[in-house]
Amino acid sequence: MLETRFREYIRRFNAEDDTAFDDYLAPDMHMKNGTLEFDGVDGMKHHYRDLIWPHFTERLSVPRFVSDDGRAAIQMHTLFTARRDAPDTLFGAVRAGETFEFDGVIMYEIDDTDRFSDILVAYNSFVHTDLDGNRRDLGIPH
């Protein structure tokens, strides 16, 4: 996958455009993110459209990208910001403005249609910052 194509996926993801999943994911893709695993485009849409984006703005940045014909690997930084107070999210109870920062590496297997068939997420850190500025590394959130 060319880096320009990948960065367009990130741009659309940051815009919360879930149609990007139709264009970039193989129909039977598999995602492993800590202990969270799911399959298919509908699984990805459900995770983000129903569980993440209603509660958080999520902004991805990719400082490093490498690829060959069958895979891509990136360094990923993600900032989740709570949109509103919520008693029950994937990250537990949150207050508007709290943040969660993911830093890690993601490996993508790419099929012959130039779509992601497997996504494997590896963590370096996942840090919660509360409204008082207190930071705490949570480890793997799922």
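Refer to the preceding data block for the structure.
Residues numbered from 1 in each chain as written. Predicted model: local features only at pLDDT ≥ 70, side-chain atom pairs only at ≥ 80, totals over all residues. Heavy atoms only, no water.

## Section: the pairing of strand β4 (residues 71–82)
Argument step 1. Residues Ala 72, Ile 74, Met 76, Thr 78, Phe 80 and Ala 82 of β4 are buried on one face, while the alternating residues Arg 71, Ala 73, Gln 75, His 77, Leu 79 and Thr 81, pointing to the opposite face, are not.
Argument step 2. In the sheet, strand β3 (residues 56–67) pairs with β4 via ten bridges, with the strands oriented antiparallel. In the sheet register, Phe 56 faces β4, and the bridge partner there is Ala 82.
Argument step 3. The turn joining β3 and β4, which pair antiparallel and follow one another in sequence, is formed by three residues. (Buried < 20%, exposed > 50% of the residue type's maximum accessible area, 1.4 Å probe, protein only. Helix = DSSP H or I, 4+ residues; strand = E, 2+ residues; numbered from the N terminus. Pairing = 2+ DSSP bridges.)

## Overview of the pattern of salt bridges
Argument step 1. Across all of its chains, the model carries 13 salt bridges by this definition.
Argument step 2. Between Glu 16 and Arg 83 there is a salt bridge, with its nearest N and O atoms 2.3 Å apart. Here Glu 16, found in the loop between α1 (3–14) and α2 (19–24), pairs with Arg 83, found in the loop between β4 and β5 (99–110); they are 67 residues apart in sequence, far enough to count as distant.
Argument step 3. The class of Glu 16 is partly exposed, set by a relative accessible area of 28%.
Argument step 4. As a salt-bridge pair, Arg 71 and Asp 68 come within 3.2 Å of each other at their nearest N and O atoms.
Argument step 5. Residues participating in the shared-partner salt-bridge network are Arg 12, Asp 17 and Asp 23. (Salt bridge = Lys/Arg side-chain N within 4 Å of Asp/Glu carboxyl O.)

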